Amino acid sequence: MSSHAAPPARLGQPLELDPGEWTRAAVYDLVTALVLPRPVAWVSTVSAGGARNLAPHSYFTLVSDHPAHVAFSSIGVKDTLRNIRATGEFVVNFAGQHLLAALDKTAADVPPEHDEFTLAGLTPEPSHRVRPPRVAEARAHFECVLRTVLPVGNGNLVIGEVVHVHVCPSIWAGGRVDTAVFDPVVRLSRRYGVLAKEFTAEEEPSPHVLTS
């Protein structure tokens, strides 16, 4: 039994929720506001016939590091998932803030024959190990081969093994990726956000670690 039949403007008591009692949109707003920041997998694929596709997916994470595997969820069956099932390959391109406008353009719902690289004014660059091209303007990429697709709720969990990694020298410092320079696009609920600061448990965090 839920404490509220719908999202209240203010909470006078703790929220207790059976997700099945709220609308899909209301549950989406709640869970995506709690699970954050969410990294964005900017996934490039090609169809069986070679048509290019590029789309952002914000249900994305690492699964393992030896060997490295990543997972993202496709809500419903879209061109990205169809292409991965057909070819068994994809690239996760990592978008910095300088690519936010282009990334947002590729979120548009367009027919399969439309090339999102062209739509967003991006340059396709040949990958080393897989057929889908990389986004040349992105400063890091994971080239992946499909390991499995698991239907879960209204999503399809795509798990891929990372078979090649590319990192641009501009975001590398002190033997690792400099996250401040990398400045990746993240999702905060329905909006985009930035990583503002990193710190250890022993350090004093700023009062505003994340901004949107």
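This structure is a prediction, so every number in the text was calculated from the model and none was measured. (Residues numbered from 1 in each chain as written. Predicted model: local features only at pLDDT ≥ 70, side-chain atom pairs only at ≥ 80, totals over all residues. Heavy atoms only, no water.)

A. Spotlight on helix H1 (residues 24-34). Turning to H1, its buried residues are Ala26, Val27 and Thr32. On its buried face, H1 sits against strand S1 (38-39). (Buried < 20%, exposed > 50% of the residue type's maximum accessible area, 1.4 Å probe, protein only. Helix = DSSP H or I, 4+ residues; strand = E, 2+ residues; numbered from the N terminus. Contact = heavy atoms within 4.5 Å.)

B. Local environment of the packing of aromatic side chains. For the structure shown, the criterion picks out four aromatic pairs. Between the aromatic rings of Phe60 and Phe94, the centroid separation amounts to 6.1 Å while the plane-to-plane angle is 50 degrees, which identifies the pairing as tilted. Of the two residues, Phe60 is situated in strand S4 (residues 60-65) and Phe94 in the loop between strand S6 (89-93) and helix H3 (100-105); the sequence distance between them amounts to 34 residues. For the pair Phe60 and Phe94, a shared accessibility class is recorded, and that class is buried. Ring geometry for Phe72 against Phe90: centres 5.6 Å apart, planes inclined by 75 degrees, an arrangement best described as edge-to-face. Taken together, the residues Phe72 in strand S5 (residues 68-75) and Phe90 in strand S6 connect sequence positions 18 residues apart. Phe90 matches Phe72 in its accessibility class, with the two residues each being buried. One aromatic cluster is present, built from ring pairs that chain together Phe60, Phe94, Phe142 and Phe182. (Phe/Tyr/Trp six-rings, centres within 6.5 Å; stacked < 30°, edge-to-face > 60°.)

C. How the structure looks around the layout of surface pockets. Its boundaries defined by the atoms lining it, the largest pocket holds a volume of some 910 Å³. In terms of lining, the largest pocket is formed by 31 residues, of which the most central are Pro56, His57, Ser58, Ile75 and Lys78. Secondary-structure elements contributing two or more residues to the lining of the largest pocket are H1, strand S3 (52-57), S5 and helix H2 (79-87). Looking at the lining of the largest pocket element by element, the count peaks at six residues for H1. Tallied by class, residues from the lining of the largest pocket come to 14 nonpolar, eight polar and nine charged. Here the second largest pocket defines a volume of roughly 490 Å³. Around the second largest pocket, the lining is made up of 22 residues, and of these Pro39, Phe60, Phe94, Phe142 and Phe182 lie nearest the centre. Where the lining of the second largest pocket is concerned, the elements lending two or more residues are S4, strand S9 (140-152) and strand S10 (155-167). A class-by-class count of the residues in the lining of the second largest pocket yields 19 nonpolar, three polar and no charged. (1 Å grid on protein atoms, 1.4 Å probe; cavity = no way out; pocket = protein on both sides within 12 Å on 5 of 7 lines; lining within 4 Å. Points joined across faces, edges and corners; volume = space filled by probe spheres on them. Nonpolar A, V, L, I, M, F, W, Y, C, P; charged D, E, K, R; others polar.)

D. Inspection of the state of the cysteines at higher detail. Within this structure, the stated rule accounts for zero disulfides. Cys144 takes part in no disulfide bond, and the closest cysteine sulfur to it belongs to Cys168, at a distance of 19 Å. When its relative accessible area of 0% is taken as the criterion, Cys144 is described as buried. For Cys168, a relative accessible area of 23% puts it in the partly exposed group. (Disulfide = S-S within 2.5 Å.)

E. Examining the pairing of strand S2 (residues 41-46) more closely. Most of S2 is tucked away, with six of its six residues classed as buried. The two faces of S2 match: Ala41, Val43 and Thr45 on one face and Trp42, Ser44 and Val46 on the other face are all buried. Bridge count for S2 against S3 is six bridges, and the pairing is antiparallel. If you follow Ala41 over to S3, its bridge partner there is His57. Counting the residues that bridge the hairpin from S2 to S3 gives five residues, and of these Gly50 lies at a positive phi of roughly 100 degrees. Of the pairings in the sheet, the one linking S2 to S6 comprises three bridges and is antiparallel in character. Looking across to S6, one finds that Ser44 is bridged to Val91. (Pairing = 2+ DSSP bridges.)

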